[in-house]
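Letter by letter, the chains look like this.
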Amino acid sequence: MLARRRHVYFAMMGTCIGLFVLAWSVVRLWSVPVAVGMCVVAMLIPPVAAMAANRRGPDDRWWDDPSGDPKSDDWWDELDGKKRPR
């Protein structure tokens with residue numbers, strides 16, 4: 001899952017850079033408003049790419065990982081109503 005999210009992130013960021021370069025090297029020669037619109041779209045891509053790259057999948061069980069402190073882990077297990085096998 002991590003590799004797929006990483007590929008999606010780099011594809012989105014590559015699209016962002018491509019839009020900026022294309023807008024100000026080619027499209028501005030025919031239409032400045034279209035070039036500005038392309039830049040606005042490119043400006044919205046990085047936050048979406050960051051959210052896509054950092055979202056957790058259904059197989060990511062980060063909340064169940066032990067912290068490394070046995071006392072703290074026992075305390076959280078007691079609060080969750082489960083006992084971790086040792």
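Everything here concerns the structure above.
Residues numbered from 1 in each chain as written. Predicted model: local features only at pLDDT ≥ 70, side-chain atom pairs only at ≥ 80, totals over all residues. Heavy atoms only, no water.

A. Representation of the environment of Ile17 within the structure. Position of Ile17 among the secondary structure elements: in helix H1 (residues 2-25). A relative accessible area of 55% means that Ile17 is categorised as exposed. For Ile17 and Cys39, which are 22 residues apart along the polypeptide, the C-alpha to C-alpha distance reads 9.5 Å. (Helix = DSSP H or I, 4+ residues; strand = E, 2+ residues; numbered from the N terminus. Buried < 20%, exposed > 50% of the residue type's maximum accessible area, 1.4 Å probe, protein only.)

B. Representation of the packing of aromatic side chains within the structure. What the rule picks out here adds up to 1 aromatic pair. Taking the centre distance of 5.5 Å and the plane angle of 70° together, the rings of Tyr9 and Phe10 count as edge-to-face. You can call Phe10 exposed: its relative accessible area is 53%. (Phe/Tyr/Trp six-rings, centres within 6.5 Å; stacked < 30°, edge-to-face > 60°.)

C. Structural context of the state of the cysteines. Under the counting rule described, the total for this entry stands at 0 disulfides. Looking at the unpaired Cys16, the closest cysteine sulfur is the one in Cys39, lying at 9.0 Å. (Disulfide = S-S within 2.5 Å.)

D. Spotlight on a nonpolar patch on the surface. A cluster of nonpolar side chains, Ile17, Phe20, Val21, Trp24, Val32, Val36, Val40, Met43 and Leu44, forms an exposed patch at the surface whose accessible area comes to about 820 Å². Secondary-structure elements contributing two or more residues to the nonpolar patch are H1 and helix H2 (32-54). If you tally residues by element for the nonpolar patch, the top one is H2, at 5 residues. Tracing the backbone through its elements, the reader meets Val40 in helix H2. Val40 gets classed as partly exposed once you look at its relative accessible area, which sits at 40%. (Patch = residues over 30% accessible without salt bridge, like charges linked within 9 Å, V, L, I, M, F, W, Y side chains within 5 Å. Areas by Shrake-Rupley, 256 points an atom, 1.4 Å probe, with all protein chains shown as cover. Salt bridge = Lys/Arg side-chain N within 4 Å of Asp/Glu carboxyl O.)

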